[in-house]
Amino acid sequence: MAPTPTKYVLLSLPLSTFDTDDKQEALDSLKATVTSDNGTVLPYPVPSFKIGTLDALVQQADDLAKLDTACEGVVNKVGDALRTLYEGNDEKATEQKMVNDKPTDQYLRTFSWNKVRYRADRPVGELVDILQKELATTDNDIKGKFNQYNQVKANLASLQRKQTGNLATKSLTPIVNPSLLVQDSEYLETHLVAVPTNLKKEYLKSYETIAPMVVPRSSIQVAQDDEFILFAVTTFKKHSAEFQQKCREQKWTPRQYKYVEGGREEEQKELDRVAREEKKIWGEALRITRTGWSESVMVWAHIMALRVFVESVLRYGLPLKFVSALVLTNPKLVKKVKAALDSSYSYLGGNAFGRDKRGRITKDDAALTSEMAAAGLGHAGDGNEYTAYVYYEFEL
């Protein structure tokens, strides 16, 4: 049974909203807004990065939105790859979803900016470039290894079909006794034909006459399975092609076979070799995919931290005084989380929202909302709905 998906909400609010400069006090107030019945509120610390020009920040907000989407795509692709390796077993795949040796959920719950890998004193644009390159490297590594794995897996499946298929498709090397074949003859040739079991009588009645110069009474039953009977038939070589074509017309399957001394042993050796190779590449693919999950989720978490920072600067201005938080909820309760947040903080949208005499939100200005959404501000995870504060939804 697949685990219940967790819905994450990442948001930021100006500290002025809480009449305090203490982020912990602000988080406590936020916990009162988003009750434990609907979600768990945790800190999501975002460093203070170097700020460039306003134009640069607007461009970075656009770049980060695109990179956020790319991260989601890679993370989903890596998750699919893990399920593929475990043949659709979600439970086993989930066990491999570790980030920095922590379960994914725990990593996000305890997120802290990796200051060694991504120095916070670097410009935002430089950090975006580094993260983008790391994401591309992870994506390419997984693509390359999975292409190799899929090729080996297909080769193994093909060899296994030859061992385990029916007489119309499987290898005849371990089945056919070479003494049944006419060999080294200038004029005669033995054909092997797989005949459906329900056509046996028709075959025996007509095989001598479907083409010229079929040796009378030369048909010998070689083997039988649940679907087919394999016969050996001798004809003159000059009519071999016509005989095979007539067999196909009768829905009998001519099998290509040439006796090679030691062929049975060679086929088994090849099957064993490819099976060993598939097992080896599977292990390599698993290691790379596990690493890919850790890397892609980590990059995504840092990209989202940058998004929160850049949009918080654009929305709330300077000095930089905002609190950022992660809310753990589920797809059913996330609407209640959003409603609770809107109820308390929609006034931050200014004229984007209408209010009654008591200051309660009544409606939004559709035109202004559309303009804000088009500008890339305040997207609510799954759509272009404008929010009065920084707000993102995502799932892992």
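Anything mentioned here points back to the structure above.
Undergrad: Sorry if this is basic, but what is going on with the packing of helix α2 (residues 54–85) against helix α5 (residues 124–164) here?
TA: To describe two helices that pack against each other, one gives the angle between their axes and the distance between the axes. Where α2 meets α5, the closest approach of the two axes is 11 Å, and the angle between their N-to-C directions is 25°. Taken together, the axes of α2 and α5 are roughly parallel relative to one another. As for the relative orientation of α2 and α5, their crossing is left-handed in sense. Taken together, the residues of α5 that come into contact with α2 (itself represented by Gln60, Leu64, Leu67, Ala70, Cys71, Val74, Lys77, Val78, Ala81, Thr84 and Leu85) are Val124, Gly125, Val128, Gln132, Leu135, Asp139, Ile142, Lys143, Phe146 and Tyr149. Considered class by class, the residues forming the contact of α2 with α5 number 14 nonpolar, four polar and three charged.

Undergrad: It is not clear to me how the packing of aromatic side chains should be interpreted in this structure. Could you clarify?
TA: The geometry of an aromatic ring pair is captured by the separation of the ring centres together with the interplanar angle, meaning the angle of the planes. Scanning the entire structure with this criterion turns up 15 aromatic pairs. Relative to Trp282, the ring of Tyr86 lies with its centre 5.8 Å away and its plane at 85°, an arrangement referred to as edge-to-face. A residue pair is termed long-range when its members are at least 10 positions apart, and Tyr86 in the loop between α2 and α3 (90–95) and Trp282 in helix α8 (residues 263–316) qualify at 196 residues. With a relative accessible area of 26%, Trp282 lands in the partly exposed category. Members of the aromatic cluster, joined through ring pairs, are Phe18, Tyr345, Tyr389 and Tyr391. The ring of Trp293 carries the charged tip of Lys97 above its face, separated from the ring centre by 4.8 Å. The positively charged end of Lys338 is found above the aromatic ring belonging to Tyr391, 5.3 Å away from the centroid.

Undergrad: Whenever I open this one, the nonpolar core confuses me. Can you help?
TA: The tendency in soluble globular proteins is for nonpolar side chains to be buried as a group. Counting residues in each nonpolar core, the largest one holds 82 residues, and the members touching the most others are Phe49, Trp113, Leu306 and Leu341. Sorting elements by how many residues they give to this core places α8 first, with 20 residues. Here Phe49 is in contact with Trp113, Ala120, Val124, Leu127, Leu306 and Phe309, once residues within four sequence places are set aside.

What counts and how
- Residues numbered from 1 in each chain as written.
- Predicted model: local features only at pLDDT ≥ 70, side-chain atom pairs only at ≥ 80, totals over all residues.
- Heavy atoms only, no water.
- Axes fitted to C-alpha atoms, helices over the stretch in contact; angles between N-to-C directions.
- Helix = DSSP H or I, 4+ residues; strand = E, 2+ residues; numbered from the N terminus.
- Parallel < 35°, antiparallel > 145°, perpendicular 65-115°, else oblique.
- Left-handed = near helix turned anticlockwise from the far one by under 90°.
- Contact = heavy atoms within 4.5 Å.
- Nonpolar A, V, L, I, M, F, W, Y, C, P; charged D, E, K, R; others polar.
- Phe/Tyr/Trp six-rings, centres within 6.5 Å; stacked < 30°, edge-to-face > 60°.
- Buried < 20%, exposed > 50% of the residue type's maximum accessible area, 1.4 Å probe, protein only.
- Lys NZ or Arg CZ within 6 Å of the ring centre and 35° of its normal.
- Core = buried A, V, L, I, M, F, W, Y, C linked by side-chain atoms within 4.5 Å.

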